[in-house]
Each structure stands twice: as structure tokens, then as C-alpha cells.
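Residues per chain are reported as follows:
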Amino acid sequence: MRTLTIEPLTKEAFAPFGDVIETDGSDHFMINNGSTMRFHKLATVQTATPEDNAIISIFRADAQDMPLTVSMLERHPLGSQAFIPLLGNPFLIVVAPLGDEPVSGLVRAFVTNGRQGINYHRGVWHHPVLTIEKRDDFLVVDRSGTGNNCDEHFFKEDERLILAPHQ
Ligand SMILES: NC(=O)N[C@@H](O)C(=O)O
Ligand code: NI
């Protein structure tokens, strides 16, 4: 099984998968009579139909045992999904490009710097949220509406991958 190289998260590297939500290097302008800096339109919430809603949730996620065998990825065909860390901790991301199924050889892993969130675009294959801390809180912005919005793909045994952040 291939051990994933864990790349530092950057807007450029993550562009095929979605947006990086961060102040560093982002467009901004002053508002509120000069008392507030607005980092504007860092990501767009994607939905599928006019009846859909963009909703805001909090995920309190417990750490997976590491090293982790990545045996599955999921995608949300009807909407984007954003994870914004509430406690300032780095977290791990495992993604694969759009397609009918994730391609094991194209799976990539990233680690955030604690000041970054991400917004998976519609249909981007990703692993369910992966903390580095024992437990961590995320603000999550995603789509609510009718129909199935979560496809899961389970890799064949020889396609599975290893995520080993502490080595
Ligand atoms: N199932 C759910 O709401 N969470 C996943 O989509 C995830 O990416 O963690
Ligand atoms: Ni998801």
C-alpha cells in the first residue's frame, strides 16, 4: 500500500479540489469605517437546486488511530462542504479529483497550518474529517436538501493507502 506524502496546504495545490479559507494571501478591504478588514469571498457555497439551503453546523471530531489505512473516500454530488477549524489546530485532508470513482494513484494528502479552512467543491472525493488533535471542533458549511448527497467509495485492498502523520 502506498504511504501518502502529506503536503502543506496552499491555495494553488488545493485548487483542483476546492478553496482554502485563510487570510494569508487573500483579497481584503476595509469596512465599518476603517475598524474591520474584510477578507472577501474566500469560498463559494455550492448547492444544486433553488430549494436547497446552505447550512452551518459544528462537527466535534475525535481522532482516528494513526497510521490510518485509507480504505474509503466520499463525495457530495449536490453541494460543497467547508471545514473551518474553531480551535486553531492543524488538521489533515485526503482528497482525490472529480470522477465517477476516486483513483487511488491520484489521492493526495495535505496538512493545514491551523489558520486555514477548506471548502471541498461539489463532487470532490475526500476522507471524512481527520483531526490531528485527540478531539477538535470545526465549523462546517454545507448543503441541505432532498436527495442523496453522500456517495461512498471503498477501495479494493491493493488500492488502499496509508496516512502516517506522526512519522
Ligand atoms: N457525513 C458528514 O456530514 N461528514 C462528512 O461529509 C465529512 O466530510 O466529514
Ligand atoms: Ni464530507
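As annotated in an unreviewed UniProt entry, the chain carries the name Ureidoglycolate lyase and is attributed to Pseudomonas brassicacearum. The heading Catalytic activity (unreviewed entry) in the UniProt record of the chain holds the text "(S)-ureidoglycolate = urea + glyoxylate". Taken verbatim from the UniProt record of the chain, the Cofactor (unreviewed entry) comment is "Ni(2+)".

S.K.: Whenever I open this one, a nonpolar patch on the surface confuses me. Can you help?
M.R.: On the surface, I58, L86 and L87 cluster together into a nonpolar patch covering about 300 Å² of accessible area. Assignment of secondary structure puts L87 in the loop between β9 (81–85) and β10 (91–96).

S.K.: Can you help me understand unusual backbone geometry in this one?
M.R.: Across the chain, the bulk of peptide bonds are trans and the bulk of non-glycine residues have phi less than zero. The omega angle of the peptide bond from M66 to P67 is -5 degrees, so this bond is cis rather than trans. Secondary-structure assignment places P67 in the loop between β6 (53–62) and β7 (68–70). In the Ramachandran plot, N33 falls in the positive-phi region, its phi being about 60 degrees despite a non-glycine side chain. Within the element layout of this structure, N33 appears in the loop between β4 (28–31) and β5 (36–39). Backbone geometry places K41, a non-glycine residue, at a positive phi of 50 degrees. Mapped onto the secondary structure, K41 falls in the loop between β5 and β6. The exposure class of K41 is exposed, given its relative accessible area of 66%.

Scoring rules and cut-offs
Residues numbered from 1 in each chain as written. Chains lettered and ligands numbered in written order. Predicted model: local features only at pLDDT ≥ 70, side-chain atom pairs only at ≥ 80, totals over all residues. Heavy atoms only, no water. UniProt positions renumbered as here; feature names shortened; annotations may be inferred. Patch = residues over 30% accessible without salt bridge, like charges linked within 9 Å, V, L, I, M, F, W, Y side chains within 5 Å. Areas by Shrake-Rupley, 256 points an atom, 1.4 Å probe, with all protein chains shown as cover. Salt bridge = Lys/Arg side-chain N within 4 Å of Asp/Glu carboxyl O. Helix = DSSP H or I, 4+ residues; strand = E, 2+ residues; numbered from the N terminus. Buried < 20%, exposed > 50% of the residue type's maximum accessible area, 1.4 Å probe, protein only.

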